[in-house]
Amino acid sequence: QSLPQQKLLTWLSVLECVEVFAEMGTARVWGEMGRWTIIVLIQLAKAILRLLLLLWYKAGIQTSPPIVPLNREQQQPLHPQDIEDSSSGKDQTYVGRRSSRVVRCLQSTPSLQSRHWGSPQQREESQSRRAEEMNQPPTPLGLQETIAESLYITRPLLHLLSLGVWGQRSWKPWLLSAVLDISSLSLLSDLKDLNRRERAELRRRTILLLYYLLRSPFYDRYSEGRILLLLRLMADYVPGVGFVTRPLMDYLPAWQKIYFYNWG
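Predicted, not measured: the structure shown is a model, and the values here were computed from it.

**Student:** What's the story with the confidence of the model for the protein chain in this structure? I'm lost.
**Tutor:** Overall, the predicted model of the protein chain reaches an average pLDDT of 85, with 80% of residues at or above 70. Considering only residues more than four positions removed or in separate chains, one finds that residues 85-90, a stretch of pLDDT under 50, has 5 contacts.

This is how it looks when you write it as structure tokens:
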């Protein structure tokens, strides 16, 4: 990735990290008008950055979060003793004569912080496989797939525009957003030879279609009572589940009112 593309990904990641805080903070300070203003500005900035990545830098199907979080446990550096032993040519493993099982020699045991339960070969294979997955280039998109990804990127802006035209109680913004999401996924379903991150992103988008059960006005008119009744029944009749379902019943109405939790 080029340096400008990395900067765009960084700014996009920063926006996704602070969007909920910005919405709640502006709602507390400037009220409902300020809340919707910051929502529109953040969604507009995110759409511009994503369109630049898609059309100018050919970034392909964009994942969320844009920058994959670093797993520090999987990125443990080699112990200095391991480096010294490998440079001196010492054998770090022993193969059992009868079981043919590979075990680490006591002389090459790493420190506690970098210790793992697999054999050195397994660790090297997993690290090389992970590096190959991270370095895989994005799948080239044709015209149909580019249109599908553009629909997914501009869907929040079109939804906000429809909210301003028809209001929050209308079914039209909800239906428009659902049609755009389903159309984008159906157009991208014909794309073959996706890498692992892109397949995971499409699965994530498919699962997120369940959010339409929690989005107004469908939630207010149909699913709210049924979901709360189901959680209450589970809390009352399933032992041990109440520790999870009762706080969830209190949290769900507050979560549903925050735009970036529900629609972001």
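Picking up after the structure, the text goes on.
**Student:** I tried to follow the layout of surface pockets on my own but got confused; where do I start?
**Tutor:** Any space left empty among the atoms is revealed by the rolling of a water-sized probe across them. Taken as a whole, the second largest pocket encloses approximately 590 Å³ of empty space. If you trace the second largest pocket, you find 31 residues lining it, with Tyr152, Arg204, Leu208, Trp263 and Gly264 closest to the centre. Elements with a minimum of two residues in the lining of the second largest pocket: helix H1 (3-56), helix H4 (143-166), helix H5 (171-188), helix H6 (196-207) and helix H9 (259-262). Top element by residues in the lining of the second largest pocket is H1. It accounts for 7 residues. Looking at the lining of the second largest pocket, its residues break down into 15 nonpolar, 6 polar and 10 charged. Inspection of the lining of the second largest pocket shows a minimum of three residues originating in each of domain 1 (3-66 + 137-215) and domain 2 (216-263).

**Student:** Even after reading the chapter, I still don't get the nonpolar core, so can you show me in this structure?
**Tutor:** Ranked by size, the top nonpolar core spans 13 residues in total, and within it Ile39, Leu160, Tyr212, Tyr259, Phe260 and Trp263 carry the most contacts. Listed by contribution, the elements that provide at least two residues to this core are H1, H4, H5 and H9. No other element matches H1, which puts 4 residues into this core. Both of domain 1 (3-66 + 137-215) and domain 2 (216-263) provide at least three residues apiece to this core. In this structure Tyr212 touches Trp174, Ser177, Ala178, Asp181, Phe218 and Trp263, once residues within four positions along its chain are discounted.

Rules used throughout
Residues numbered from 1 in each chain as written. Predicted model: local features only at pLDDT ≥ 70, side-chain atom pairs only at ≥ 80, totals over all residues. Heavy atoms only, no water. pLDDT = per-residue confidence, 0-100. Contact = heavy atoms within 4.5 Å. 1 Å grid on protein atoms, 1.4 Å probe; cavity = no way out; pocket = protein on both sides within 12 Å on 5 of 7 lines; lining within 4 Å. Points joined across faces, edges and corners; volume = space filled by probe spheres on them. Helix = DSSP H or I, 4+ residues; strand = E, 2+ residues; numbered from the N terminus. Nonpolar A, V, L, I, M, F, W, Y, C, P; charged D, E, K, R; others polar. Domains from an automatic or database assignment. Core = buried A, V, L, I, M, F, W, Y, C linked by side-chain atoms within 4.5 Å. Buried < 20%, exposed > 50% of the residue type's maximum accessible area, 1.4 Å probe, protein only.

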